[in-house]
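Structural characterization, general
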Amino acid sequence: SIHNTQLDKYKYLSLEKRVGDRMLPIASLVDMKKERKEFKNFSILSGQLIAAIRDRLSRKEQIFLFLNRRGTARFVYCPDCGYVVECNHCSVTMTFHGNEDRLLCHYCNFSALMPGHCVECQSKVIRFSGFGTQKLEEETMKLFPKAKVRRLDRDTTQNKSAFANMHRDMQSGEIDILIGTQMITKGHDFHNVTLVGVVAADVALNIPDFRSCERAFQLLTQVAGRAGRGKVPGKVIIQTNNPDHYMFEFVMEHDVKAFHDKELKLRKRLNYPPYTRMIALEVVCENEIQGQNAIGKLRQSLSRLVSREKSVELIGPSKAALYRIQNKFRWHLLLRSGNMKQLQNILLKCSELNEPKAFGKIKLSIDVDPINLL
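Bear in mind the structure is a predicted one, so any value in this text is a computation, not a measurement. (Residues numbered from 1 in each chain as written. Predicted model: local features only at pLDDT ≥ 70, side-chain atom pairs only at ≥ 80, totals over all residues. Heavy atoms only, no water.)

Bringing the packing of helix α10 (residues 288-306) against helix α11 (residues 340-349) into the picture now. Look at α10 against α11: their axes get within 10 Å of each other, and the N-to-C directions meet at 130°. As judged from the angle between their axes, α10 and α11 are oblique. In the crossing of α10 with α11, the sense of the turn from one axis to the other is right-handed. Between α10 and α11, the contacting residues are Leu 302, Leu 305 and Val 306 on the first element and Ile 346, Leu 347 and Lys 349 on the second. Looking at the contact of α10 with α11, its residues break down into five nonpolar, no polar and one charged. (Axes fitted to C-alpha atoms, helices over the stretch in contact; angles between N-to-C directions. Helix = DSSP H or I, 4+ residues; strand = E, 2+ residues; numbered from the N terminus. Parallel < 35°, antiparallel > 145°, perpendicular 65-115°, else oblique. Left-handed = near helix turned anticlockwise from the far one by under 90°. Contact = heavy atoms within 4.5 Å. Nonpolar A, V, L, I, M, F, W, Y, C, P; charged D, E, K, R; others polar.)

Contact pair helix α7 (residues 212-224) / helix α9 (residues 256-270): the axes reach a minimum separation of 11 Å and the direction vectors enclose 170°. Of the possible angle classes, the one that applies to α7 and α9 is roughly antiparallel. Mapping the contact onto sequence places Cys 213, Glu 214 and Phe 217 in α7 and Val 256, Phe 259, Glu 263 and Arg 267 in α9. A breakdown of the residues in the contact of α7 with α9 according to their chemical character gives four nonpolar, no polar and three charged.

With antiparallel pairing, the four strands of this open sheet are ordered in space as β13-β14-β12-β15. Of all strands in the sheet, those bounded by a partner on one side alone are β13 (313-325) and β15 (363-368). Going from strand to strand, the sheet's axes swing by 20° on average, the running direction of each strand aside. With nine bridges joining them, strand β12 (residues 277-285) and strand β14 (residues 328-337) adopt antiparallel strand pairing. By the bridge assignment for β14, Met 278 is matched with Arg 336. Packing against the sheet, α11 makes contact with β12, β14 and β15, and its axis sits at approximately 30° to β12. (Pairing = 2+ DSSP bridges.)

Moving on, we get to the environment of Ile 207. The topology assignment puts Ile 207 in the loop between α6 (202-205) and α7. On the accessibility criterion, Ile 207 (37% relative accessible area) is partly exposed. In the structure, Ile 207 is positioned 114 residues away from Ala 321 in sequence and 9.2 Å away in space, judged by C-alpha atoms. If near-sequence neighbours (up to four positions away) are discounted, Ile 207 is found in contact with Ser 212 and Leu 374. (Buried < 20%, exposed > 50% of the residue type's maximum accessible area, 1.4 Å probe, protein only.)

With that settled, consider the environment of Thr 194. Among the structural elements, Thr 194 can be located in strand β10 (residues 193-198). Counting along the chain gives 32 residues from Thr 194 to Arg 226, while the straight-line C-alpha distance between them is 8.1 Å.

Here we take up the pattern of salt bridges. In total, this model carries 16 salt bridges according to the counting rule given. The partner of Arg 56 in a salt bridge is Asp 55, with the nearest N and O atoms 3.8 Å apart. With a closest N to O distance of 3.6 Å, Glu 61 and Arg 56 form a salt bridge. Exposure remark for Glu 61: the relative accessible area of 7% places this residue in the buried category. Under the relative-accessibility criterion, Arg 56 is labelled buried at 8%. (Salt bridge = Lys/Arg side-chain N within 4 Å of Asp/Glu carboxyl O.)

Okay, structure coming up:
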């Protein structure tokens, strides 16, 4: 969209000031590697964020803590043999949820009891790694026992009244600290929220998709905007293991334009959209061998057509980042070119795509200008 404004296809409108000329929140970055190494602080919360929360609580102001990951632990593993508990139906690790003492897959909702020992080597020691909003809630309540803490994520908003109740309680001061996933980042206007803590800013950055940095920047900019919407100036503390990432300098300065310029230069150099157009072909199949054969045949057919075109790239096939979901295996092929007509012509000429019976029970989807490559 920004690129289209530069080409005069779109008109760019911007809000130069906040409502009522209020200040943008002051943002600071905390290096969690340094926190552990130099200060021997292995808590989820940095010393700087803990001190800021204490200060705001003493002044009867409210706090948002943002972590875009649910559960108590990101995954469960055996330290003896290295076995990690995965979902039976998806190629993703199960997340431990302490309230129910169960493991849950966040992609197909499959759940299982927490094992008492390792299923591979029978070791009785099972460890947890990483953390989610549930674990953050537990730690916050330990650190601030007198504070009224509430969690807002998909696990706590099973009914439609949960969101409305949270909104009412925030407005009436019944919540001191609200912990949540991206549900808390957009649209909320609570004038007494003066501090926002981003607990693990790297979560959004580490997604294997060329748009992950753009999405992370949007999320951090939006959640930062929840602070200081009243008369008291806001503060944002961002915790990261990767403080040298170029994105953070733009988040700290609230400099959207400079971020767009940097990101567009990178995209141009790497031949990514908006400077090229893409078509993603996805094959999904319950039978792994059949799916592999189908994506292989499709690649052969497309490869012959692409070889006749100068500026078209065929990338793949590769297993999807989330290879198995709900017992179905997934593969991707990407077509890339500066000219969409060329790409469409290749698809029209591809015999494999124009025979309805060629794929049988295999599901094939074609996504033009895909916004998700997982």
